[in-house]
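Here are the chains, one letter per residue:
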Amino acid sequence: MADYEELLKQVLVSEKELKDKLSNLQKLFKSLSKSMEKGDLKSWTRDIGAMRGSLQEQDALLASMQGQVDDFGIGAYVENGDFAEQMLAYCERLGVDVKGDFPTYEMFPFRVRVDTENLELYLDRKKIQCLRPLAFVQEVKTNRDKLLRASFDPRVFVKELAAAYELALLKQNQGKTPAGTGGDIYLKSLYNFLTPMRRFRRDYDQQSFAFDLARLYASEVHSTEDGRQFQFGPSRNIGKSIRILDQDGREQFLATIRFFEGTAPELVLG
């Protein structure tokens with residue numbers, strides 16, 4: 001099995017040698033300039049010869065480094081699954097949740113796609129030029145941790161959910177306000193009410209919605225400002241559910257939500 005970390009070790013050795021040669025070339029250049037300034041053309045001619053030799057050595061070293069990369073075969077590395085296998089191993093090692101199958105994965109709250117044709121990765125819609133599994137997983141983890149540190153007020157979010165819920169009920173009941181409890185509404189339907197225009201969905205996609213649901217789920221907020229409680233519900237159809245991770249890192253599948261007053265109604269599978 002090809003391993004990018006092994007390639008990296010080989011190239012790092014060559015990089016160190018190249019760095020030393022570049023440093024030596026810089027010293028020769030300084031000597032060359034000083035000799036010309038002093039009128040010491042004998043030393044200048046000697047330094048020119050030494051620089052030519054150094055440049056030839058560098059060219060040979062660069063060709064060797066290119067050969068190491070070519071022999072590794074980055075195309076086959078991605079296409080035959082070695083890259084994905086090592087990426088999944090680093091996800092486990094670094095505590096990054098991952099679901100899915102090659103070439104599309106969910107690393108909550110992100111979607112990841114491996115573009116085997118162009119040898120590129122996509123983190124949501126962002127193109128990532130990184131074919132080192134460890135570095136890519138570290139970037140996913142960094143972005144996830146940044147989201148976790150971002151400001152989030154569950155009271156504001158549940159207020160927005162409740163407003164979308166009321167709109168969904170009005171549409172469902174053809175503009176009439178239902179008496180009593182309104183019943184369960186699919187969260188995916190509420191997402192459409194929260195993002196009525198396509199350009200809104202580019203800025204706030206379903207993965208971002210799922211991440212906010214996860215933070216609400218983990219919070220201690222259980223009611224709206226007007227005193228209504230809310231309850232998430234499951235579904236027999238996994239396609240209608242939204243997968244989140246709870247505060248303990250366990251996956252939960254939320255399909256519906258219901259806002260109500262008084263005692264919680266019995267859950268009904270959607």
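We now turn to the structure provided with this report. Quantities reported herein were computed from a predicted structural model and do not represent experimental measurements. (Residues numbered from 1 in each chain as written. Predicted model: local features only at pLDDT ≥ 70, side-chain atom pairs only at ≥ 80, totals over all residues. Heavy atoms only, no water.)

Glancing now at the sheet that holds strand 4 (residues 120-123). Taken in spatial order, the 5 strands line up as 1-2-3-4-5 in an open sheet, and their pairing is antiparallel. Edge positions in the open sheet fall to strand 1 (99-101) and strand 5 (126-128), since each of these has one partner strand only. Each adjacent strand pair in this sheet contributes to an overall mean axis angle of 20°, direction not counted. Note that strand 1 and strand 2 (residues 104-107) share 3 bridges and pair antiparallel. Its bridge partner lying in strand 2, K99 is registered against E106. Across the sheet, helix 4 (residues 82-94) touches strand 2, strand 3 (110-115) and strand 4, and the angle it forms with strand 2 is around 10°. (Pairing = 2+ DSSP bridges. Helix = DSSP H or I, 4+ residues; strand = E, 2+ residues; numbered from the N terminus. Axes fitted to C-alpha atoms, helices over the stretch in contact; angles between N-to-C directions. Contact = heavy atoms within 4.5 Å.)

So, about the sheet that holds strand 6 (residues 185-186). Spatially, the 3 strands line up as an open sheet ordered 6-10-7, and their pairing is antiparallel. The strands lining the two open edges of the sheet, one partner per strand, are strand 6 and strand 7 (229-233). Bridge count between strand 6 and strand 10 (residues 256-260): 2 bridges; the pairing is antiparallel. By the bridge assignment for strand 10, I185 is matched with I257.

Moving on, we come to the packing of aromatic side chains. Under the criterion given, the structure shown has 13 aromatic pairs. Seen in terms of ring centroids, F152 and F157 are 5.8 Å apart; in terms of plane orientation they differ by 55°. Their pairing is tilted. Owing to a relative accessible area of 5%, F157 belongs among the buried residues under this scheme. With a centroid separation of 6.1 Å and an interplanar angle of 40°, the aromatic rings of Y217 and F232 are classed as tilted. Of this pair, Y217 sits in helix 9 (residues 206-218) while F232 is found in strand 7, placing the two residues 15 residues apart along the sequence. Of the aromatic side chains, those joined through ring pairs into one cluster are F152, F157, Y191, Y204 and F209. (Phe/Tyr/Trp six-rings, centres within 6.5 Å; stacked < 30°, edge-to-face > 60°. Buried < 20%, exposed > 50% of the residue type's maximum accessible area, 1.4 Å probe, protein only.)

Here we come to the pairing of strand 7. In terms of burial, strand 7 is largely enclosed, as 4 of its 5 residues are buried. Note that strand 7 and strand 10 share 5 bridges and pair antiparallel. From the neighbouring strand, F230 faces strand 10, where its bridge partner is F259.

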